[in-house]
Amino acid sequence: MHCDRLWRNARLATLSRALPGLGEVDDGVVAARAGVIVYAGPSADAPPFEAEAAHDCEGRWITPGLIDPHTHLVFGGDRAHEFELRLAGASYEAIARAGGGIVSTMAATRAASQDELVDSALLRLDALIAEGATTVEVKSGYGLALEPELKSLRAARQLGRRRPVTIRTTFLGAHALPPEFAGDPDGYIHLVCREMIPAVAAEGLADAVDAFCEGIGFTAAQTRRVFEAARAHGLPVKLHAEQLSNLHGAALAAEFGALSADHLEHLDESGVAAMAAAGTVATLLPGAFYFVRETQAPPIAALRAAGVPLALATDCNPGTSPLTSLLLVMNMAATLFRMPVEECLAGVTREAACALGLGAQAGTLEAGKRCDLAIWDIERPAELVYRMGFNPLHARVFGGVG
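Remember, predicted model here, so these are calculated numbers, not experimental data.

Participant: Can you walk me through the overall build of the protein in this structure?
Facilitator: Helix and strand content of the protein: 15 helices and 15 strands. Taken over the C-alpha trace, the protein has a radius of gyration of 21 Å; the compact-globule value for 402 residues is 21 Å, and the two agree within 12%. Taken over the C-alpha atoms alone, the protein extends approximately 70 × 40 × 40 Å along its principal axes. The burial tally for the protein puts 57% of its 402 residues in the buried class. At a minimum sequence separation of 6, the contacts of the protein that also span at least 24 residues come to 72%. Of the roughly 14,900 Å² of accessible surface on the protein, 54% is carried by carbon and sulfur atoms. One way to put it: in the protein the 33 positive side-chain charges average out to a point 2 Å from where the 47 negative ones average out.

Participant: What is the right way to look at the domain arrangement of the protein in this model?
Facilitator: The extent of an interface is frequently quoted as the accessible surface area lost upon association of the parts. Domains assigned within the protein are domain 1 (2-64 + 364-397) and domain 2 (66-355). Listed as interface residues are 25 residues of domain 1 and, on the opposing side, 25 residues of domain 2. In total, domain 1 and domain 2 occlude about 1,900 Å² of area from one another, counting both sides; carbon and sulfur atoms represent 61% of this. Looking at the side of domain 1 facing domain 2, the largest losses of area belong to R17, V385 and R396, adding up to 34% of the total buried there. The tally of links from domain 1 across to domain 2 stands at one salt bridge. Salt-bridge contacts for R17 lead to E351; the nearest nitrogen and oxygen are separated by 2.8 Å. Applying the counting rule to domain 1 against domain 2 returns 10 residue pairs in polar contact (both at pLDDT 80 or more). Where the side of domain 1 that touches domain 2 is concerned, the elements lending two or more residues are strand 5 (61-64), strand 14 (373-376), helix 15 (382-386) and strand 15 (393-397).

Participant: Where do I start with the UniProt feature "binding site: N-formimidoyl-L-glutamate" (unreviewed entry) in the protein in this structure?
Facilitator: UniProt feature "binding site: N-formimidoyl-L-glutamate" (unreviewed entry): in the numbering of this structure it lies at Y142, N317 and G319. Their sequence span is 178 residues, while the largest C-alpha to C-alpha distance among them is just 11.6 Å; these annotated residues converge on one region. Inspection of the secondary structure puts N317 in the loop between strand 13 (310-312) and helix 12 (326-337). If we ignore the near neighbours within four places in the chain, the residues touching N317 are H72, F75, Y142 and P322.

Participant: Hey, could you run me through the packing of helix 5 (residues 146-162) against helix 6 (residues 185-203) in this one?
Facilitator: Packed helix pairs are specified by the crossing angle of their axes together with the interaxial distance, meaning the distance between the axes. Remark: helix 5 packs on helix 6, axes separated minimally by 10 Å, with the N-to-C direction vectors making an angle of 35 degrees. Like other packed secondary-structure pairs, helix 5 and helix 6 cross with a definite hand, here right-handed. Where helix 5 approaches helix 6, its residues L146, E149, L150, L153 and R154 are matched on the opposing element by E195, M196, A199, V200 and E203. A breakdown of the residues in the contact of helix 5 with helix 6 according to their chemical character gives six nonpolar, no polar and four charged.

Participant: Sorry if this is basic, but what is going on with the pairing of strand 11 (residues 260-263) here?
Facilitator: For a regular strand, side-chain orientation follows a simple rule: the groups alternate between the two sheet faces. In this structure, strand 10 (residues 238-241) lies alongside strand 11, joined through four bridges in parallel fashion. Bridge pairing in strand 11 links K238 to S260. As for the winding sense of the linkage, the β-α-β connection from strand 10 through helix 8 (residues 249-255) to strand 11 is right-handed. Looking at chain direction, strand 11 and strand 12 (residues 281-284) are connected through three bridges and run parallel. Considered in strand 12, the bridge of D262 is made with T283. Taking the sense of rotation as the criterion, the β-α-β connection linking strand 11, helix 9 (residues 269-278) and strand 12 turns out right-handed.

Calculation criteria
Residues numbered from 1 in each chain as written. Predicted model: local features only at pLDDT ≥ 70, side-chain atom pairs only at ≥ 80, totals over all residues. Heavy atoms only, no water. Helix = DSSP H or I, 4+ residues; strand = E, 2+ residues; numbered from the N terminus. Rg over C-alpha atoms; globule rule 2.2 N^0.38 Å. Buried < 20%, exposed > 50% of the residue type's maximum accessible area, 1.4 Å probe, protein only. Contact = heavy atoms within 4.5 Å. Areas by Shrake-Rupley, 256 points an atom, 1.4 Å probe, with all protein chains shown as cover. Lys, Arg positive; Asp, Glu negative; His and termini not counted. Charge placed at Lys NZ, Arg CZ, Asp CG, Glu CD. Domains from an automatic or database assignment. Buried area = accessible area lost by both parts, 1.4 Å probe. Salt bridge = Lys/Arg side-chain N within 4 Å of Asp/Glu carboxyl O. Polar contact = N/O pair within 3.5 Å; in protein donor to acceptor, adjacent residues only side chain to side chain. UniProt positions renumbered as here; feature names shortened; annotations may be inferred. Axes fitted to C-alpha atoms, helices over the stretch in contact; angles between N-to-C directions. Left-handed = near helix turned anticlockwise from the far one by under 90°. Nonpolar A, V, L, I, M, F, W, Y, C, P; charged D, E, K, R; others polar. Pairing = 2+ DSSP bridges. Right-handed = clockwise from strand over helix to strand, strands pointing away.

Have a look at this one:
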């Protein structure tokens, strides 16, 4: 059988649901043709391949390329000063209500050119790529007006043309209330639904629509309007839900068949049940939990018991999670949320793909999936979760090339 590239003498963590645990294969082979996996499994069962390029992995581990399903990579400026304020005792809510938070990043993002936004985001994207990321979601949400939001989404799309990585873009116009709509959140939501979403959809700039359903964000009723507009334009939805309080956003997201509901520290039993019934992925963000010194963890055990898939993400953003390491995310999930190694690795591969609607194309080492690989200098997969500040990536393969 002909293939373009072959990786042999490897140990595989396939993450296949058809196999137990991590889907481990001790003496494995991965073969790809035209950027797609045609075989991933035991060398003893592999057909005789004729490969244009063959690679001896010398016993190294291969996992699917890592996937970050929740980031805010495109933004202007930074918020280091707010970090100092929080260290002095100010809360995230207090800083936001005083004109800081998302609105301060809005001003810097509006002032930046598209090229400036791309250049700054590339620094953050490169850090993710250096640790084996092959797919990254990027949200807008710091423009908070039509043209700045379009500029941010165009910048996000440009990242995928500047680097060998799959970029999924999400329109997050309902992220915060801009100053020009102070006291009129319904008026701003009207703008999001009637002008922004149609323009974003017409230009094909977004793969999904998100909102911040929270006391300092938008109500469940306002979020519903955003979801209805997204549905009218054929766009799937995601949601920042139950991060600081319980507005029953996760249940609302599930009602609309959301790809994911994210954060979830204050999720209740009814929200868990709704997500399970809808097949909505729970995307957990331990970096934000750590950075804002949250004390209430998401209901991991309840989500697990209900069969809700658990994805993990960096939530890379300037205010609450200036984090660009999926390896550190896994360690945080293990230490802060008590998630085992198998769940952590699935959370940044298989389940992360599902959180982006890419479960059929990425996230596991299986025939028919895109050949996105991370090859590691490790003795066992637990090292990827166990170590902090250490990057054992040997090679990264994107679409069969790398």
